Amino acid sequence: MAEGSLRVEIVDQAAPVWSGRAAFVTVPTPEGSIGVYPRHQPLLSVLGTGEVRVQSDDGAWLRATVNGGFVSVDSDVVTIVTDKGELVG
Amino acid sequence: MAGSQRAYRGRISSTSALKKIFRAMELIAASRISKARDAAHASEPYTQALTRAVSAVATHVGTGIEHPLLSERDDTDQVAVLVLTADRGMAGAYNASVLREAERLMATLAGEGKQVELFVVGRRGIGYFDFRRTAMVRTWQGESDAPTQDLAGELADAMLERFTASAGAGGVREIHVVYTHFRSMVSQVPRVIRMLPLEVVEGVVEADQLFPLYAFEPDTAEVLGTLLPRYIRARLWDCLLQAAASELAARQQAMHTATENAEELIRTFTRLANQARQAEITQEISEIVSGADALAGAGH
């Protein structure tokens with residue numbers, strides 16, 4: 001996998017919301033938020049309600065609202081599983 | 001004689017009207033199957049991600065894993081059985097076979113000294129148990145062939161509520177689900193699964209797949225608490241979709257057979273009607289001939 005690249009998948013109960021490459025991701029948790037850069041340690045966390053922000057390799061931001069669920073980070077694959085997710089903008 | 005001809009014509013026209021209905025139902029069922037399949041396909045990534053995460057937690061924490069949804073309880077003899085049936089018949093043996101499976105399961109459970117609490121989805125199942133005066137705790141109807149996420153949520157909430165309730169408040173020690181597994185368009189098999197308590201080793205993840213040492217945020221218990229109810233819900237959703245696809249496939253098949261049978265009947269009745277018409281003509285001719293003969297004989 002190319003240095004500095006995450007594979008992000010956002011899935012919701014009904015359908016996949018978004019997937020693609022990213023340089024940096026922040027996800028909301030009940031206690032704040034977690035930022036994930038490439039080569040992050042494997043993580044399994046509860047998801048809060050709020051906004052997932054994904055910065056793609058060229059610096060553009062993509063935002064999506066999420067509502068509960070969990071996020072897993074494993075060998076640069078970030079899987080965000082939420083009850084109800086929607087892209088913003 | 002003219003009477004039998006008319007009777008055949010009448011039966012031909014009513015059979016062809018029925019045939020049109022069968023045909024339409026076959027086509028409707030066929031088009032809805034693809035919808036059910038699409039829905040199953042769309043929710044696949046979600047279910048997969050969940051299953052992976054649950055397996056990861058399970059392997060990570062090992063056998064010392066503790067959560068109410070995973071532990072066997074023995075403070076009560078009540079068990080819940082959820083039966084997924086169709087809202088309508090006209091689907092061949094679909095309802096009959098899933099209900100037979102449910103009866104078998106209930107007999108087994110009763111044999112083990114457990115008291116069964118019934119939860120039924122689908123008008124057909126409700127009618128069946130109503131007729132036999134079997135008490136049902138809760139029923140759902142109206143969307144067996146096109147289930148919604150809301151229904152899956154309601155089912156999951158009801159099941160979890162029962163399972164986590166104390167023995168005095170209607171708690172149950174096990175939850176079984178009877179549904180029809182969609183193997184292919186021509187083969188659907190009724191299946192029983194024990195939903196709760198969860199058996200963590202699901203065999204969905206390949207044996208050689210190793211999970212990394214995850215960090216849990218905020219902690220293992222919290223993560224499990226988030227994962228498991230969603231996992232149950234996703235599995236129920238899967239059961240609902242399987243049942244819906246099976247119902248539609250069974251209905252399509254049954255209606256296809258019905259259409260063919262109607263065609264066969266129409267053919268038979270057409271032949272009989274033709275035969276009756278021919279017999280009438282023959283009779284008329286012989287009457288005319290014998291009448292003419294009689295007149296000719298009288299003239300001499």
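Residues numbered from 1 in each chain as written. Chains lettered and ligands numbered in written order. Predicted model: local features only at pLDDT ≥ 70, side-chain atom pairs only at ≥ 80, totals over all residues.

Draft legend 1. Here's a closer look at the overall build of chain B. Looking only at helices and strands, chain B has 6 helices and 6 strands in total. Helices (α) and strands (β) of chain B occur, in sequence order from the N terminus, as α-α-β-α-β-α-β-α-β-β-β-α. The C-alpha atoms of chain B give 30 Å as radius of gyration, which overshoots the globular expectation for 300 residues (19 Å, by more than 25%). Each principal axis of the C-alpha distribution contributes one length, and for chain B these read about 120 × 40 × 30 Å. For chain B, the share of sequence-separated contacts (at least 6 apart) that also reach a separation of at least 24 residues comes to 79%. (Helix = DSSP H or I, 4+ residues; strand = E, 2+ residues; numbered from the N terminus. Rg over C-alpha atoms; globule rule 2.2 N^0.38 Å. Contact = placed C-beta atoms within 7 Å.)

Draft legend 2. Structural detail: the pairing of strand β1 (residues 6-12) of chain A. Residues and elements named next belong to chain A. Burial runs high along β1: 5 of the 7 residues are buried. The pairing of β1 with strand β2 (residues 16-22) spans 6 bridges and is classified as antiparallel. Residue Arg7 lies in a different strand from β2, and its bridge partner there is Arg21. Count of turn residues in the β1/β2 antiparallel hairpin: 3 residues. Note that β1 and strand β7 (residues 77-82) share 6 bridges and pair parallel. Residue pairing for β7: Arg7 is matched across the bridge by Val77. (Buried ≥ 20, exposed ≤ 12 C-beta atoms within 10 Å, placed from the backbone. Pairing = 2+ DSSP bridges.)

Draft legend 3. Summary view of unusual backbone geometry. Cis geometry is adopted by the peptide bond preceding B:Pro197, which originates at B:Leu196 and carries an omega value of -10°. Although it is not a glycine, A:Arg39 sits at a positive phi angle of roughly 65°. Note that A:Arg39 resides in the loop between β4 (32-36) and β5 (43-55). A tally of 11 C-beta atoms within 10 Å means that A:Arg39 is categorised as exposed. Phi is positive for B:Arg133, close to 50°, though the residue is something other than glycine. As for its placement among the helices and strands, B:Arg133 is situated in the loop between α4 (123-131) and β3 (136-140).

Draft legend 4. A look at the interface of chain B and chain A. Across the boundary between the two partners, chain B contributes 21 residues, which contact 21 residues of chain A. Listed by contribution, the elements that provide at least two residues to the side of chain B that touches chain A are α2 (44-61), β6 (215-217) and α6 (220-299) of chain B. Sorting elements by how many residues they give to the side of chain B that touches chain A places α2(B) first, with 7 residues. When its residues are assigned to classes, the side of chain B that touches chain A shows 16 nonpolar, 3 polar and 2 charged. Where β5(A) meets β6(B), 3 bridges bridge the pair, whose relative direction is parallel. Directly across from A:Leu44, in β6(B), lies its bridge partner B:Phe216. (Nonpolar A, V, L, I, M, F, W, Y, C, P; charged D, E, K, R; others polar.)

Draft legend 5. A look at helix α3 (residues 94-111) of chain B. Residue and element names in this part refer to chain B. Between its first and last C-alpha atoms α3 spans 26 Å; for 18 residues at 1.5 Å apiece the expected length is 26 Å, and the two agree. Along α3, the positions that sit buried rather than exposed are Tyr94, Asn95, Val98, Leu99, Ala102 and Leu105. The buried residues of α3 all sit within an arc of 120° when viewed along its axis, so they share a single face. Away from its buried face, by an angle of more than 90 degrees, α3 presents the exposed residues Ala107 and Gly111. (Expected span 1.5 Å × (residues − 1). Arc of directions from axis to C-beta.)

Draft legend 6. Geometry of helix α5 (residues 149-164) of chain B. All names here are of chain B. The first and last C-alpha atoms of α5 sit 22 Å apart over 16 residues, in line with the 22 Å expected at 1.5 Å per residue. Within α5, burial applies to Ala152, Leu155, Ala156, Met159, Arg162 and Phe163. Buried residues of α5 fall within an arc of 135° about the axis and therefore sit on the same side. For α5, exposure combined with an orientation more than 90 degrees from the buried face picks out Asp150 and Glu161.

Draft legend 7. Summary view of the sheet that holds strand β5 (residues 188-196) of chain B. Residue and element names in this part refer to chain B. The 5 strands are arranged β3-β2-β1-β4-β5 in an open sheet whose pairing can be described as mixed. Whereas interior strands pair on both sides, the edge strands pair on one side only; in this sheet they are β3 and β5. Between one strand axis and the next, the sheet turns through 20° on average, direction left out of account. Note: strand β1 (residues 78-84) against strand β4 (residues 174-182), 5 bridges, orientation parallel. By the bridge assignment, Val79 is partnered in β4 with Glu174. Most of the contacts of α4 go to strand β2 (residues 115-121), to which it runs at about 140°, and overall it touches β1, β2 and β3. Sitting on the sheet, α5 touches β1, β2, β3, β4 and β5, and the angle it makes with β1 is about 170°. (Axes fitted to C-alpha atoms, helices over the stretch in contact; angles between N-to-C directions.)

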